[in-house]
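Listed below, chain by chain, are the residues.
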Amino acid sequence: MKKYLFLLSALVLSLPIKMNAQDKEKNQNKSRPNIIYMMSDDHGYQAISAYGYKLNHTPNIDAIANEGMLFNRAFVTNSICGPSRAVMLTGKHSHVNGFMDNHSTFNGNQQTVAKLMHDAGYQTAMVGKWHLISDPQGFDYWITMPGQGEYYNPEFIENGVHKKVAGYVTNLTTDFAINWLEKRDKNKPFFLIYQQKAPHRNWMPEPKYYHLFDSVKIPMPANFYDDYKTRTRAAHEQEMGITKVMNYAYDLKLAFDLPKDKQVGLAGMWQGIYNRMTPEEKKNYEAAYAPANDAFYKANLTGKALDEWKYQRYMKEYLKCVQSVDDNVGRVMDYLKANGLDKNTIIIYTSDQGFYLGEHGWFDKRFMYEESFRTPLIVKWPGVTHKSTTNTMVQNLDFAETILDMAGLPIPSDMQGKSFTSVLKGQKGNIHDALYYHFYENQEHKVAKHVGARTDRYKIIWFYENNEWELYDLKKDQHEMNNVYDKPSYKKVQKMMKEKLQDLMAQYKDQVTTSNTVHK
Ligand code: SGN
Ligand code: CA
């Protein structure tokens, strides 16, 4: 009897202690912020109205900026899809995480921010474009798309199982994200990676936006007809010109049902995309595009008028895709608000890199020039940020570290970036004195491999395959039209920037695979 009494009193005594521990965990979970990392594919900052460009109107992304910090100087380390994603997950440069170009396969067994967040008690999910080949690891739930994904009636892979889903990819990706938010374990904080395929090439808009820009003329950048006069071979030899490279069917949507003999190369890819539509969807699509296409054929445009037509068609298709991205950001934000999550959820909006919207005559990315090296970044941290902008330089190399820091978790010493929570908290001062860049994929679009360094004012680029250098004074030449490498008045700056590049390569333990050294 005594024994039972003893056990009973031990049980009673232990109860409050046990409950306290549970309460403590609950309280801790309440105080730990949820984090949503929103990343679109190829979304240039020029196509976000909060950045002050007047190309389009993105009210929902702007609303994040209204309560957050907008970064004017956020950059990537390697301006291309898969590598950018691998850098974000690992906090390590491409040569360290092993994913150097889009033909790599991510080693998912390595440390990632998702795994660290998961181990620390966060519920984790990855929804949308992944593009890292190997299956995602470190997530309680994942739904991705094969490779680049498709715009219409796309295929998804949900925790390893393939399924074709009817609808438009940007909306579907959001449906999956919201479904997961709805069914997650609500006692735990969450970390959601939500990654849109749009507005990646070949820019297929949502049907409700087919006519969105019909009555609008998009302004052409002043350097659309750049002749690359002061630039090295790389800028001359690229294959990313809107007027020269774009395919009439695949990019410019000038052909619907192509004859069999035309179904090769990109035109063949267009055929595959077109055939994802149901007969009803095809009819709707053709009806929307036929009048403008007929007018184009009749006009028989040549020279600058033809260039202008191509530019308008490209930009409008791209911006229509952005519109659906913005709508869907709004859907996620509405969900958070309706469910009382908006006050404790950090929102990060970014892209896997920037994009050329006609600057230098281009589309695509890859170069270390500003439009593709820079990426949009807007962070809303309830209770910490308020509407503000910053010129402090940060890089996608810092994202994993910053996310861990926001969650109150330690940053592993082998990560190569730095947390920029101090910037978000309004503290002044540099995070980096110079940024390092390395692009490896000289294949499609023919952009020569290069490394480079950027400080607040200067940028040096070494196209090491050609052993050619470029140097820019960004204060005087923000559009990078004037390469001042070897100009006597920049002798000192040139030496200083070369040393910076060498220091960065040493700091990050990178090297280039050629016998050339940094110093000529
Ligand atoms: C595809 C596109 C390219 C684009 C790459 C990389 N060609 O290969 O234009 O640069 O993706 O983009 S396409 O003919 O297939 O459309 S990334 O964002 O995935 O890196
Ligand atoms: Ca991309």
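Predicted model, so just to flag it, every value in this text is computed and none were measured. (Residues numbered from 1 in each chain as written. Chains lettered and ligands numbered in written order. Predicted model: local features only at pLDDT ≥ 70, side-chain atom pairs only at ≥ 80, totals over all residues. Heavy atoms only, no water.)

*Asks:* Explanation requested: the pattern of salt bridges in the structure shown.
*Replies:* A side chain of one charge can pair with a side chain of the opposite charge if their charged atoms are brought near each other. Under the definition given, this model contains 25 salt bridges. As a salt-bridge pair, Glu468 and Arg233 come within 3.3 Å of each other at their nearest N and O atoms. Pair noted here: Glu468 is in strand S16 (residues 468–473) and Arg233 is in helix H7 (residues 233–237), with a separation of 235 residues, a long-range link. Connected through shared salt-bridge partners, Asp42, Asp364, Lys365, Arg366 and Glu441 make up one network. (Salt bridge = Lys/Arg side-chain N within 4 Å of Asp/Glu carboxyl O. Helix = DSSP H or I, 4+ residues; strand = E, 2+ residues; numbered from the N terminus.)

*Asks:* Which parts of the structure should I look at to understand the sheet that holds strand S8 (residues 190–195)?
*Replies:* What holds strands together in a sheet is hydrogen bonding between their backbones, with the strands either parallel or antiparallel. An order of S7-S6-S5-S4-S8-S1-S9-S10-S2-S11 is seen for the 10 strands of this open sheet, with the pairing classed as mixed. Looking at which strands have only one partner, the edges of the open sheet turn out to be strand S7 (161–164) and strand S11 (388–390). Put simply, the sheet's adjacent strands are angled 15° from each other on average, direction ignored. Bridge analysis of strand S2 (residues 69–71) against strand S10 (residues 377–380) gives three bridges, and the strand direction is antiparallel. Pairing of Met69 across the sheet is with Val379, part of S10. Contacts between helix H6 (residues 169–183) and the sheet are confined to strand S4 (123–128), strand S5 (141–144), strand S6 (155–158), S7 and S8, with S8 contributing the most and set at about 170° to the helix. (Pairing = 2+ DSSP bridges. Axes fitted to C-alpha atoms, helices over the stretch in contact; angles between N-to-C directions. Contact = heavy atoms within 4.5 Å.)

*Asks:* For this particular structure, what's the right way to read the site of ligand 1?
*Replies:* If you check the shell around ligand 1, you find 20 residues, and the closest are Cys81, Tyr250, Asp364, Glu444 and His445. In this structure, an oxygen atom belonging to ligand 1 sits 2.9 Å away from a side-chain N or O atom of His200. At 2.8 Å from an oxygen atom of ligand 1 is found a side-chain nitrogen or oxygen belonging to Arg201. With the chains in place, 91% of the 460 Å² that ligand 1 exposes on its own is no longer accessible. Partitioned by chemical class, the residues of the shell around ligand 1 number five nonpolar, six polar and nine charged. (Near = heavy atom within 4 Å. Polar contact = N/O pair within 3.5 Å; in protein donor to acceptor, adjacent residues only side chain to side chain. Areas by Shrake-Rupley, 256 points an atom, 1.4 Å probe, with all protein chains shown as cover. Nonpolar A, V, L, I, M, F, W, Y, C, P; charged D, E, K, R; others polar.)

*Asks:* For this particular structure, what's the right way to read the domain arrangement of the protein?
*Replies:* Much of the literature gives interface size as the accessible area that the parts lose upon coming together. Here the protein is partitioned into domain 1 (32–204 + 312–429) and domain 2 (444–507). Each of domain 1 and domain 2 was reduced to a C-alpha centroid, and the two centroids are 28 Å apart. By the criterion of area lost to domain 2, the three top residues of domain 1 are Arg366, Met368 and Tyr369, representing 42% of everything that side buries. Where domain 1 touches domain 2, the interface holds four salt bridges. Salt-bridge contacts for Arg73 lead to Asp456; the nearest nitrogen and oxygen are separated by 3.0 Å. Inspection of the domain 1/domain 2 interface yields eight residue pairs in polar contact (both at pLDDT 80 or more). Residue composition of the side of domain 1 that touches domain 2, by class: seven nonpolar, two polar and six charged. (Domains from an automatic or database assignment. Buried area = accessible area lost by both parts, 1.4 Å probe.)

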